[in-house]
Amino acid sequence: MVEERTRVVVIPEFLTVRQLANLMSVSPIDIIKELMNAGLMVNINQQIDFDTAAIVAQDMGFEVQPESPLQVEVVEEAAAPVKQQFIAGEAPEDLVSRPPVVTILGHVDHGKTKLLDAIRHTNVAESEAGGITQHIGAYQIVYDGKPITFLDTPGHEAFTAMRARGAQGADIAVLVVAADDGVQPQTIEAIAHARAAHVPIIVALNKIDKPNANPDVVKQQLADAGLVVDDWGGDVICVPVSAKHKINIEELLENILLVSEVAELKANPNRPAVGTVVEGRLDKSKGAMATILVQNGTLRVGDAVVIGEIYGRVRAMFNDKGKQVKEAPPSMPVVISGLSDVPTAGDILEVVENERTARMIANNRAARRQEAAARPTRVFTLDDLYNQFQAGQVKELNLIIKADVQGSIEPIVTSLQKLGDESLQVNILHQATGNITESDIMLAIASRAIVIGFNVTVDPAARRMAESEGVDVRVYDIIYRLIDDVDKALKGLLEPVYQDVVTGHAEVRAVFRISGVGRVAGAYVLDGEIARNSLARVRRGEEVIYNGRIASLKRFTEDVKEVKAGFECGISLEKFDDFREGDVIEVYRKERVS
Ligand code: GDP
């Protein structure tokens, strides 16, 4: 008789029924049936926890091992420092110069697109002439024998969206200002965004061919916005250009190379690649594709890669002329195929040792994200400022100020700037009139800033983004209160304000009497999850008939810590047992909001 070996299955903390079936190499239907036998109605995409999965797997004859979080952490850690700061931790002798990555910012219609076209067409490297230009989100030109990479989605929205996702975005910002139109609201925003990213700015004073061009007026406006150009004694390079007539484009490129040399941009080409997704798309025949800007290392065909929750192996690679290439050194944009899904701009690509590791990291991240989705965490809040300052995590308070009229901005900014001291500085990243928009929230995410509004409203889309990303947005109608709150936060005196965060709902489907306990609700978790010791309200129709705390939470006869959506459980509440079928138990926690 052949001895049957026990099959082993390694199970993560959370997974879907489908994932469990894949891990066990059995049909999902069998798992659903097994769960039904245990009284659980689930669908194939539903998440179950380790305990539930382990019971099913054991019942089906598997030996269960928990996925060691440690193992995954190690792999993640190996890649993490590079992800933070692409060349942190590299030995200086391994680093060589790399081409600059340039983004074009500026107000609408000032000529960003035209300038990108002019640059692309005046400087095609000899060897690459004849290649058909492909729009892949970035392109590289060679000027004076030196390559320069341009991101060809102009505007600070794209640039900051990338930063908000953890990517560096660019090394140099070219700020296009039309000489006949001057500094406009988006020019000011672009300056704030570039400054917040600590990216040097070169001004391209465009449309100088126009008869009504007035460079001096624009230079004055730039100085008012804090950018003093070189011929006015400042340190900001300003190149007058005409994108339309291709005037002075070469001078602009020379200056880009100059600034790039000063910045000493470096990378180590002899290591596995780390890069940023510039854009992603789905190709009918080639599947998921992405334009990757290599930030460090060299990306090669055949490399196993992980991008957020997406994994794959680089099947083919193309440059911006549509030509197949085998490898991409630092700062080179390439399109790759071979990914499990389409990534988002700003996601970070990392090369890992093999596809299995890539898949493991990607799946682990997905599970962690799903878990974290239930409890939004604040990126950075005013009430937390003092604690973070005490812990040495912050040394500055970044603020974005939006107000109804220019007249109210000045006193606010002046008063706020007086509040800091040498140990904790107040930085105003951006100040403008108008409502709080998504662009403000994006800047706050990218720079760990707090958004303060005075007599303005928060656009609904901005509100949603702030809530999901955990950005602290505060709107005031009294200047004194605004200043006072920031002052108190700096001194750690801000009184906390709490708000209820609902974490789940369960519907009472039956009521049981248990001797010694009283009446217990047999409930079905409708959404979120029910955690033991949570705060709870009982809603009967429109009315709230109880507000208190959960006393016990059971699955069948066992006490459990939490029960997720789609499962049944027994709930008893402190000092309340007057349950009726149809009552909804709403579970919530108190969260500090200010
Ligand atoms: P964007 O919105 O900043 O990308 O601006 P575009 O590149 O689309 O340019 C807006 C308009 O300005 C277009 O009609 C361009 O032809 C025109 N334009 C751009 N650069 C110049 C220039 O140097 N001179 C003149 N006269 N017109 C320009």
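Scroll up to find the structure this text is about.
Residues numbered from 1 in each chain as written. Predicted model: local features only at pLDDT ≥ 70, side-chain atom pairs only at ≥ 80, totals over all residues. Heavy atoms only, no water.

**Focus on the pairing of strand β31 (residues 568-573)**
Part 1: Counted residue by residue, β31 has five buried out of six residues, so it is predominantly covered.
Part 2: Note that strand β26 (residues 518-531) and β31 share four bridges and pair antiparallel. Bridge assignment links Ala-523 to a residue of β31, and that residue is Cys-569.
Part 3: Across four bridges, the pairing between strand β28 (residues 543-555) and β31 is antiparallel. (Buried < 20%, exposed > 50% of the residue type's maximum accessible area, 1.4 Å probe, protein only. Helix = DSSP H or I, 4+ residues; strand = E, 2+ residues; numbered from the N terminus. Pairing = 2+ DSSP bridges.)

**Some details on the packing of aromatic side chains**
Given two aromatic rings, their pairing is described by the distance between the two centres and the angle made by the two planes.
Part 1: Tallying each qualifying case throughout the model produces three aromatic pairs.
Part 2: Ring plane angle 35 degrees and centroid distance 4.9 Å describe the contact between Tyr-546 and Phe-576, whose orientation is recorded as tilted. A residue pair is termed long-range when its members are at least 10 positions apart, and Tyr-546 in strand β28 and Phe-576 in the loop between β31 and β32 (584-592) qualify at 30 residues.
Part 3: Residue classification places Tyr-546 among the buried residues on the basis of a relative accessible area of 9%.
Part 4: Every member of this aromatic cluster is reached through a ring pair, and the members are Tyr-546, Phe-576 and Phe-579.
Part 5: The side chain of Lys-286 reaches across the aromatic face of Phe-318, ending 4.9 Å from its centre.
Part 6: Over the aromatic face of Tyr-588 sits the side chain of Arg-537, whose NZ or CZ is 4.0 Å from the ring centroid. (Phe/Tyr/Trp six-rings, centres within 6.5 Å; stacked < 30°, edge-to-face > 60°. Lys NZ or Arg CZ within 6 Å of the ring centre and 35° of its normal.)

**With respect to a nonpolar patch on the surface**
Part 1: Residues Phe-512, Ile-514 and Val-517 make up a contiguous nonpolar surface patch of about 270 Å² in total accessible area.
Part 2: For Ile-514, the location among the structural elements is in strand β25 (residues 498-514).
Part 3: The class of Ile-514 is partly exposed, set by a relative accessible area of 39%. (Patch = residues over 30% accessible without salt bridge, like charges linked within 9 Å, V, L, I, M, F, W, Y side chains within 5 Å. Areas by Shrake-Rupley, 256 points an atom, 1.4 Å probe, with all protein chains shown as cover. Salt bridge = Lys/Arg side-chain N within 4 Å of Asp/Glu carboxyl O.)

**Quick notes on the pattern of salt bridges**
Part 1: Counted by the stated rule, this structure contains 22 salt bridges.
Part 2: Note that Lys-219 and Asp-231 form a salt bridge whose closest N and O atoms lie 2.8 Å from each other. Here the residue Lys-219 occupies a position in helix α8 (residues 215-224), and Asp-231 occupies one in the loop between α8 and β11 (238-240), the gap between them amounting to twelve residues.
Part 3: Note on Asp-231: relative accessible area 53%, which makes it exposed.
Part 4: Among the ionic contacts, a cluster of salt bridges with common partners joins Asp-500, Arg-537, Arg-539 and Glu-586.

**A look at empty space enclosed by the protein**
Part 1: Taken as a whole and judged by the stated rule, the model has two cavities of 30 Å³ or more.
Part 2: As a volume, the largest cavity reaches approximately 50 Å³.
Part 3: Surrounding the largest cavity, His-135, Ile-136, Glu-279, Gly-280, Arg-281, Met-289, Ala-290, Thr-291 and Val-335 form its lining.
Part 4: For the lining of the largest cavity, the elements supplying multiple residues, two or more each, are β13 (274-283) and β14 (287-296).
Part 5: In the lining of the largest cavity, the residues fall into four nonpolar, three polar and two charged.
Part 6: Empty space within the second largest cavity amounts to approximately 30 Å³. (1 Å grid on protein atoms, 1.4 Å probe; cavity = no way out; pocket = protein on both sides within 12 Å on 5 of 7 lines; lining within 4 Å. Points joined across faces, edges and corners; volume = space filled by probe spheres on them. Nonpolar A, V, L, I, M, F, W, Y, C, P; charged D, E, K, R; others polar.)

**Points about the site of the ligand**
Part 1: What surrounds the ligand is a group of 15 residues, the closest being Asp-109, Lys-112, Thr-113, Lys-114 and Asp-209.
Part 2: Within the backbone of His-110, a nitrogen or oxygen atom sits 3.4 Å from an oxygen atom of the ligand.
Part 3: Contact distances for the ligand include 2.8 Å between an oxygen atom and a backbone N or O atom of Lys-114.
Part 4: Its free accessible area being 580 Å², the ligand has 76% of it covered by the protein chains. (Near = heavy atom within 4 Å. Polar contact = N/O pair within 3.5 Å; in protein donor to acceptor, adjacent residues only side chain to side chain.)

**As for unusual backbone geometry**
Part 1: Although it is not a glycine, Asp-144 sits at a positive phi angle of roughly 55 degrees.
Part 2: Its place among the elements puts Asp-144 in the loop between β7 (138-143) and β8 (146-151).
Part 3: Of note, the phi angle at Glu-264 is positive, near 50 degrees, even though the residue is not glycine.
Part 4: With respect to the secondary-structure elements, Glu-264 resides in the loop between α9 (249-263) and β12 (266-267).
Part 5: Its relative accessible area of 56% is what places Glu-264 among the exposed residues.

**Overview of the sheet that holds strand β17 (residues 310-318)**
Part 1: On the basis of which strands lie adjacent, the closed barrel formed by six strands has the order β13-β14-β19-β17-β16-β20 and antiparallel pairing. Taking the axes of each pair of neighbouring strands and ignoring which way they run, one obtains an average angle of 45 degrees across the sheet.
Part 2: Bridge count between strand β16 (residues 304-307) and strand β20 (residues 348-352): four bridges; the pairing is antiparallel. Considered in β20, the bridge of Ala-304 is made with Val-352. (Axes fitted to C-alpha atoms, helices over the stretch in contact; angles between N-to-C directions.)

**With respect to the environment of Gly-582**
Part 1: Within the fold, Gly-582 resides in the loop between β31 and β32.
Part 2: Gly-582 sits 75 residues away from Glu-507 along the chain, and the two C-alpha atoms are 6.1 Å apart.
Part 3: Excluding anything up to four places from it in sequence, Gly-582 contacts Glu-507 and Val-508. (Contact = heavy atoms within 4.5 Å.)

**Details of the sheet that holds strand β22 (residues 425-433)**
Part 1: Reading across the sheet, the four strands line up as β22-β21-β23-β24 and stay open at both edges, with parallel pairing between neighbours. Of all the strands in the sheet, the pair left with one neighbour each is β22 and β24 (473-476). The average angle at which neighbouring strand axes cross in this sheet is 25 degrees, direction not considered.
Part 2: Pairing analysis gives six bridges linking strand β21 (residues 396-403) to strand β23 (residues 449-454), with the strands arranged parallel. Residue pairing in the sheet places Ile-401 in a bridge with Ile-452 of β23.
Part 3: On top of the sheet, helix α15 (residues 479-491) reaches β21, β22, β23 and β24; it is set at about 160 degrees to β23, its chief contact.

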